Amino acid sequence: MQTVPITITEKSETSIAIESEKSIAYTPDDTFLLLDLNAKKMRIIGKARALQN
Amino acid sequence: MKHLTVGVFHDDTIGRELGKKGTESDIVMFNRKMDEHIFTFMCPVEDKLSAKSQIISSIDAAIVAFTGTTRELGETVVMLDSLGISDGIAVTSLYATPDQIAAVTKDTSLESFIVGKRDPIKILEVLKGFNPERGTNFSPTVVVDHSFSVRGVGEVILGFVKKGIVRKYDKLTLLPANKEVMVRSIQIQDENHEQAEAGSRVGLAMKGAPIEDLKRGSVLCALTALRQVQR
């Protein structure tokens, strides 16, 4: 699993858009885990599947 | 041989009771060859989140010691559930009875975990019964978790064959570096092999990319098997 910094650029009720300065390699069925390493409590924000690239 | 990769969480000592210590970084590996089974146990050091996510993305099954109700344990349950790990063992303790564990794992993929006491022999017997699906009919995909240079050999990666069969002299694409690389040799459990199937933990000597490009999380695959994006 690659761990790369990302920025959430758009949010809607069912999806988010992310940007990363680093490339991300994935297959269509891969799960993305969204982490906040600076969080004081739960560091896992959520999980997602890619809708489009 | 049947390969099984197992993550071990929240018990720093059970790994060495289950296998012989191998690679050590922020992830400690323990290996055990037993009858027709090869077990690889992966333990995160100090519960580092990036190590834990790497482990959870690599494993077939998990051993979770329910040693207390902590943030870290909650994270482990959420991460295992997020990646759909449903084979595993929940280890009871003075602080967690089977009923308490059932309450925590309800409606998660861990609901199907076998709950038992901390008994390495029984744990190994349970692990022998797990048969994860292997995608050997796909093009090869290898996920890198460690890499280093070896004098006289060159760049070496350690990782797991996630799909397909990787063969000696295969030409693969390294992502995200996007370079063509060649598999010079394959080792499984320190023995040379001509090929390695999905599920195998492998050491691959590589040609075609510098060590900086063979970082943890890199993927070796047949061209066009993966997407690569940067947005």
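Caption draft 1: Inspection of the overall build of chain A at higher detail. The helix and strand inventory of chain A stands at 0 helices and 5 strands. Secondary structure elements in chain A, listed N-terminal to C-terminal, are β-β-β-β-β. Taking all 53 residues of chain A together, 11% fall into the buried category. In chain A, 5% of the contacts between residues at least 6 apart in sequence involve partners at least 24 apart.

Caption draft 2: Molecular detail of helix α2 (residues 49–58) of chain B. Of all 10 residues in α2(B), 8 are buried, a share of seventy percent or more. Among all positions of α2(B), only B:Ala51, B:Lys52, B:Ser53, B:Gln54, B:Ile55, B:Ile56, B:Ser57 and B:Ser58 are buried.

Caption draft 3: Fine view of the nonpolar core. If you look at the biggest cluster of nonpolar residues, it comprises 38 residues, and the most contacted ones within it are B:Val6, B:Phe41, B:Ala62 and B:Ile63. Once residues within four sequence positions are removed from consideration, B:Val6 is found in contact with B:Phe39, B:Thr40, B:Phe41, B:Ile59, B:Asp60, B:Ala61, B:Ala62, B:Ile63 and B:Leu127. One finds A:Tyr26, B:Val142, B:Val143 and B:Val183 within the second-largest nonpolar core, a separate group that totals 27 residues.

Caption draft 4: How the structure looks around the interface of chain A and chain B. Taken together, the 21 residues of chain A in the interface contact 22 residues of chain B. Looking at the side of chain A that touches chain B, its residues break down into 9 nonpolar, 7 polar and 5 charged.

Caption draft 5: Seen up close, the domain arrangement of chain B. Residue and element names in this part refer to chain B. One can read the domain layout of chain B as domain 1 (2–128) and domain 2 (141–221). Residue-level contacts link 11 residues of domain 1 with 10 residues of domain 2. Among the elements of the structure, β1 (2–9), β3 (27–34), β4 (37–44) and α2 are those that each provide at least two residues to the side of domain 1 that touches domain 2. Classifying every residue of the side of domain 1 that touches domain 2 gives 2 nonpolar, 8 polar and 1 charged.

Caption draft 6: Focus on the sheet that holds β3(B). Residue and element names in this part refer to chain B. Pairing is mixed in the open sheet, where 7 strands are placed in the order β2-β3-β4-β1-β5-β6-β7. Looking at the sheet topology across the chains shown, the edges are occupied by β2 (20–24) and β7 (114–116). Each adjacent strand pair in this sheet contributes to an overall mean axis angle of 25°, direction not counted. Note: strand β5 (residues 61–65) against strand β6 (residues 88–91), 4 bridges, orientation parallel.

Caption draft 7: Region of the structure containing unusual backbone geometry. All names here are of chain B. A cis amide bond links Leu-175 with the next residue in sequence, Pro-176, at an omega value of 5°. Tracing the sequence through the fold places Pro-176 in the loop between β11 (171–175) and β12 (179–188). Positive phi, normally seen in glycine, also occurs at Asp-190, with a value near 65°.

Caption draft 8: Spotlight on the pairing of β1(B). All names here are of chain B. Most of β1 sits out of view: 7 of its 8 residues are buried. The sheet contact formed by β1 and β4 spans 6 bridges and is parallel. Its bridge partner lying in β4, Leu-4 is registered against Phe-39. Two elements, β1 and β5, share 4 bridges in a ladder whose sense is parallel.

Caption draft 9: Seen up close, the environment of A:Asn38. Locating A:Asn38 in the fold gives a position in the loop between β4 (31–35) and β5 (44–49). The spacing of A:Asn38 and A:Lys11 is 27 residues in sequence and 21 Å in space, taken between C-alpha atoms.

Caption draft 10: Main features of the packing of α2(B) against helix α3 (residues 71–82) of chain B. Residue and element names in this part refer to chain B. At a minimum axis distance of 10 Å, the contact between α2 and α3 shows a crossing angle of 35°. As α2 runs across α3, the sense of the crossing is right-handed. Contact with α2, carried on its side by Lys-52, Ser-53 and Ile-56, involves Thr-76, Met-79 and Leu-80 of α3 and no other residues of that element. By residue class, the composition of the contact of α2 with α3 is 3 nonpolar, 2 polar and 1 charged.

Caption draft 11: Spotlight on the pairing of strand β8 (residues 141–150) of chain B. All names here are of chain B. In this structure, β8 lies alongside strand β9 (residues 154–163), joined through 9 bridges in antiparallel fashion. Bridged to Ser-147 within β9 is Ile-157. Connecting β8 to the next strand, β9, in antiparallel fashion are 3 residues, including Gly-152 with a positive phi near 85°. The pairing of β8 with strand β16 (residues 219–221) spans 3 bridges and is antiparallel. For Val-142, the partnering residue across the bridge sits in β16 and is Leu-220.

The rules behind these values
Residues numbered from 1 in each chain as written. Chains lettered and ligands numbered in written order. Predicted model: local features only at pLDDT ≥ 70, side-chain atom pairs only at ≥ 80, totals over all residues. Helix = DSSP H or I, 4+ residues; strand = E, 2+ residues; numbered from the N terminus. Buried ≥ 20, exposed ≤ 12 C-beta atoms within 10 Å, placed from the backbone. Contact = placed C-beta atoms within 7 Å. Core = buried A, V, L, I, M, F, W, Y, C linked by C-beta atoms within 7 Å. Nonpolar A, V, L, I, M, F, W, Y, C, P; charged D, E, K, R; others polar. Domains from an automatic or database assignment. Pairing = 2+ DSSP bridges. Axes fitted to C-alpha atoms, helices over the stretch in contact; angles between N-to-C directions. Left-handed = near helix turned anticlockwise from the far one by under 90°.

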